[in-house]
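Structural features, examined
Take a look at the letters that make up each chain.
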Amino acid sequence: MNSPDSESFTLYAHASALEQQKALLPAAGFPVQVPDPVALSRQIAQLGAIITAMGDEFTARAAEQPAPEHALRAAGAYAVAIGHVGQAAADLGTVAQQLAFFGRTADTRDDPEVRKARQNAAGVIGWAIETARDELDQGAATLRQTASVVAPPSQRVQAALSRSTTAVTVSARTAPSTAPPLAPPAFSSARFR
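A few points on the structure. (Residues numbered from 1 in each chain as written. Predicted model: local features only at pLDDT ≥ 70, side-chain atom pairs only at ≥ 80, totals over all residues. Heavy atoms only, no water.)

1. Digging into the packing of helix α1 (residues 4–24) against helix α4 (residues 112–150)
To keep things clear, this is the line we draw: In this description, a line fitted to the C-alpha atoms serves as the axis of each element, helices being fitted only across the stretch in contact, and the angle between N-to-C directions of two axes falls anywhere from 0 to 180 degrees. The helix and strand labels rest on DSSP assignments: H or I over at least four residues marks a helix, E over at least two residues marks a strand, and numbering proceeds from the N terminus. The scheme is simple: roughly parallel for angles under 35 degrees, roughly antiparallel for over 145, roughly perpendicular for 65 to 115, oblique for anything else. For any helix crossing, the convention is left-handed if the near helix is rotated counterclockwise from the far helix by under a right angle, and right-handed if that rotation is clockwise. In this analysis, two residues are considered to be in contact whenever any of their non-hydrogen atoms come within 4.5 Å of each other.
Two numbers describe how α1 lies on α4: the axes approach to 8 Å, and their chain directions differ by 165°. The pairing of α1 with α4 is recorded here as roughly antiparallel in orientation. Our pair here, α1 against α4, has a crossing hand that is left-handed. Counted together, Pro-4, Glu-7, Ser-8, Leu-11, Tyr-12, His-14, Ala-15, Ser-16, Leu-18, Glu-19, Gln-21 and Lys-22 of α1 and Arg-133, Leu-136, Asp-137, Gly-139, Ala-140, Leu-143, Arg-144, Thr-146, Ala-147, Ser-148 and Val-150 of α4 form the full contact between these two elements.

Written out as structure tokens, the structure is:
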């Protein structure tokens, strides 16, 4: 069975996969961005693969008896996350239904009733995408929270972090007033997307 540290790493990896899927969803807001049907179908398939992978993780932990506490916590987190990812996949299934409706009504889109129905379908697409985004976010949050409980940062790492902060604070206070200010660290914008 996995150690608490490797268990935590695996949980974080699955959380990152969910966050990547969330990032693939169309941007929020109005007008609603209608997704490409092929890309949407691929994303639904990817969510299915993630569900399968997390189901395998759950099975591996549930099958071991007696299971250590960290494995039981991880199994519970996978079960909760599977529910969220399943709901996200269902939400994207709703989007697919609306896209099929758009395809069926393309030739009659100038009819006032059809135009109204298509506007409503666009609203359903926006709602379903936002719901899927929330579900993926909740699934990832569950996995991340459990990972931090299963293997919290060691006291040594915490001490190193506090020393680092203290050293920066002390050197900033004792630096001569004529010293040029330190430049902020350069961050890649891709890291914050």
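We are not done yet, so read on.
2. Focus on the pattern of salt bridges
Quick reminder of the rule: For this document, the term salt bridge refers to a Lys or Arg side-chain nitrogen within 4 Å of an Asp or Glu carboxyl oxygen.
Overall, the coordinates contain 6 salt bridges when judged by the stated rule. Residue Arg-61 pairs with Glu-57 through a salt bridge whose shortest N-O separation is 2.7 Å. Linking Arg-61 with Glu-57, this pair stays in helix α2 (residues 37–63), spanning 4 residues, or about one helical turn. One salt-bridge network, held together by shared partners, links Glu-7, Glu-57 and Arg-61.

3. Concerning the packing of α2 against helix α3 (residues 69–104)
What counts, and what does not: Here the nonpolar group is Ala, Val, Leu, Ile, Met, Phe, Trp, Tyr, Cys and Pro; Asp, Glu, Lys and Arg are the charged ones; every other residue, Gly included, is treated as polar.
Running from N to C, α2 and α3 cross one another at 160°; their axes reach a closest spacing of 9 Å. Taken together, the axes of α2 and α3 are roughly antiparallel relative to one another. Where α2 crosses over α3, the handedness of that crossing is left-handed. Tallied by class, residues from the contact of α2 with α3 come to 21 nonpolar, 4 polar and 2 charged.

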